[in-house]
Amino acid sequence: MLHLIIAESELELPPEPILDHPAILNYAKRRGKRPEEIILDSTYHHAALRKLEDGERRGRPDIVHLCLLNALESILNREGKLRVYVHTRNDDLIYVNPEIRLPRNYTRFLGLMESLFKEKTVPKDLGLLRMEKKTMDKLMDEINPDAIFVMHEKGEKTKPWEFGRTLAEFKDPAVIVGGFPHGDFRKVDFGRRVSLYGESLMAWTVVNEVIVNAERYYLP
Ligand SMILES: C[S@@+](CC[C@H](N)C(=O)[O-])C[C@H]1O[C@@H](n2cnc3c(N)ncnc32)[C@H](O)[C@@H]1O
């Protein structure tokens with residue numbers, strides 16, 4: 001089983017200092033929600049984000065959406081050999097049931113995430129998405145992988161197909177991909193750092209490369 005973690009994702013509700021910012025208030029009003037119920041999104045809230053520490057990399061639920069669509073629609077997932085987790089900058093951890101059919105539509109995805117932050121389990125009866133407070137260290141203790149790889153632009157240079165072969169040497173490896181647009185991991189300081197290409201790639205491209213190259217060896 002391959003465990004894929006989208007880590008330190010920029011998925012969060014607006015933090016207290018910007019709850020009364022006009023960009024947040026107007027957007028919440030348009031959506032018919034309270035400011036503290038909406039997902040922070042740099043497309044709509046960039047004026048408010050400028051006031052926050054790390055504001056240039058926050059509010060990127062679109063990265064989580066694209067990574068999840070790619071991972072969950074993959075052949076590896078359909079064959080039951082993939083587990084996906086989303087970890088956020090605030091240590092909210094989402095357990096993703098492999099059978100979930102995620103909304104393709106971005107606005108509907110945001111609505112789903114808003115429900116998840118509120119209810120902690122969606123849909124209530126099936127629990128296809130479940131959110132808990134959990135650090136990456138605690139998640140690693142729980143999964144107990146036999147190898148941890150951190151995808152990193154400046155890691156050990158490895159061809160994508162070679163990485164697939166390396167993954168196949170392990171029974172339950174964990175692969176960590178950063179769910180943020182710029183900069184480096186803030187807290188993930190463990191694992192073997194692997195670079196698949198000489199330049200920075202988008203997180204969802206790395207997700208695809210990891211999964212497709214794992215499929216070469218994981219699927220009979
Ligand atoms: C858009 S990158 C994040 C920031 C990146 N360092 C930058 O400045 O553009 C998102 C994630 O994709 C993965 N990634 C990006 N480039 C990579 C590469 N060349 N090889 C392996 N993983 C990469 C890393 O996990 C990274 O955290």
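- Going by an unreviewed UniProt entry, the protein chain carries the name Ribosomal RNA small subunit methyltransferase Nep1 and comes from Thermococcus waiotapuensis.
- You can read under Catalytic activity (unreviewed entry) in the UniProt record for the protein chain the words "a pseudouridine in rRNA + S-adenosyl-L-methionine = an N(1)-methylpseudouridine in rRNA + S-adenosyl-L-homocysteine + H(+)".
- Taken verbatim from the UniProt record of the protein chain, the Subunit (unreviewed entry) comment is "Homodimer."

1. Here we look at the layout of surface pockets
No. 1: Computed from the structure, the largest pocket encloses a volume of approximately 480 Å³.
No. 2: Lining the largest pocket are 24 residues, with Met-151, His-152, Glu-153, Ser-200 and Leu-201 positioned closest to its centre.
No. 3: When residues of the lining of the largest pocket are traced back to their parent elements, those giving at least two are strand E6 (147-157), strand E7 (173-178), strand E8 (192-195) and helix H8 (203-218).
No. 4: The element that contributes the greatest number of residues to the lining of the largest pocket is E6, accounting for four residues.
No. 5: Counted by class, the lining of the largest pocket contains 14 nonpolar, six polar and four charged residues.
No. 6: Residue lining of the second largest pocket: Leu-72, Glu-73, Asn-77, Arg-78, Gly-80, Pro-98, Glu-99, Ile-100, Arg-101, Leu-102 and Arg-104, and that is the complete set.
No. 7: Partitioning the lining of the second largest pocket into residue classes produces four nonpolar, two polar and five charged.

2. A short note on the packing of helix H3 (residues 61-72) against H8
No. 1: It is at 8 Å that the axes of H3 and H8 come closest, and there the two elements cross at 20°. Of the possible angle classes, the one that applies to H3 and H8 is roughly parallel. Where H3 crosses over H8, the two elements pack in a sense that is right-handed. Side by side, H3 and H8 meet where Ile-63, Leu-66, Cys-67, Asn-70 and Ala-71 of the first sit next to Ala-203, Trp-204, Val-207, Asn-208 and Ile-211 of the second.
No. 2: Grouping the amino acids of the contact of H3 with H8 by side-chain chemistry returns eight nonpolar, two polar and no charged.

3. Topic: the pairing of strand E3 (residues 92-96)
Consecutive side chains of a regular strand alternate in pointing toward one face of the sheet and then the other.
No. 1: Counting buried residues in E3 gives five out of five residues, a clear majority hidden from the surface.
No. 2: Of the two faces of E3, the one carrying Asp-92, Ile-94 and Val-96 and the one carrying Leu-93 and Tyr-95 are both buried.
No. 3: Pairing analysis gives four bridges linking strand E2 (residues 82-88) to E3, with the strands arranged antiparallel. Paired with Tyr-85 across the bridge in E3 is Tyr-95.
No. 4: Looking at chain direction, E3 and strand E5 (residues 129-133) are connected through five bridges and run antiparallel. Bridge assignment links Tyr-95 to a residue of E5, and that residue is Arg-130.

4. Concerning the packing of aromatic side chains
No. 1: Counted according to the given criterion, the structure contains five aromatic pairs.
No. 2: For the ring pair Tyr-85 and Tyr-95, a centre distance of 6.0 Å and an interplane angle of 70° mean the geometry is edge-to-face. Here Tyr-85 is found in strand E2, whereas its partner Tyr-95 is found in strand E3, with ten residues between them in sequence.
No. 3: One aromatic cluster is present, built from ring pairs that chain together Phe-149, Phe-163 and Phe-170.
No. 4: Above the ring of Phe-180, the side-chain terminus of Arg-57 is found at 4.3 Å from the ring centroid.
No. 5: Residue placement shows Arg-130 over the ring face of Tyr-95; its charged tip is 4.3 Å from the ring centre.

Reading guide: rules and limits
- Residues numbered from 1 in each chain as written.
- Predicted model: local features only at pLDDT ≥ 70, side-chain atom pairs only at ≥ 80, totals over all residues.
- Heavy atoms only, no water.
- UniProt positions renumbered as here; feature names shortened; annotations may be inferred.
- 1 Å grid on protein atoms, 1.4 Å probe; cavity = no way out; pocket = protein on both sides within 12 Å on 5 of 7 lines; lining within 4 Å.
- Points joined across faces, edges and corners; volume = space filled by probe spheres on them.
- Helix = DSSP H or I, 4+ residues; strand = E, 2+ residues; numbered from the N terminus.
- Nonpolar A, V, L, I, M, F, W, Y, C, P; charged D, E, K, R; others polar.
- Axes fitted to C-alpha atoms, helices over the stretch in contact; angles between N-to-C directions.
- Parallel < 35°, antiparallel > 145°, perpendicular 65-115°, else oblique.
- Left-handed = near helix turned anticlockwise from the far one by under 90°.
- Contact = heavy atoms within 4.5 Å.
- Buried < 20%, exposed > 50% of the residue type's maximum accessible area, 1.4 Å probe, protein only.
- Pairing = 2+ DSSP bridges.
- Phe/Tyr/Trp six-rings, centres within 6.5 Å; stacked < 30°, edge-to-face > 60°.
- Lys NZ or Arg CZ within 6 Å of the ring centre and 35° of its normal.

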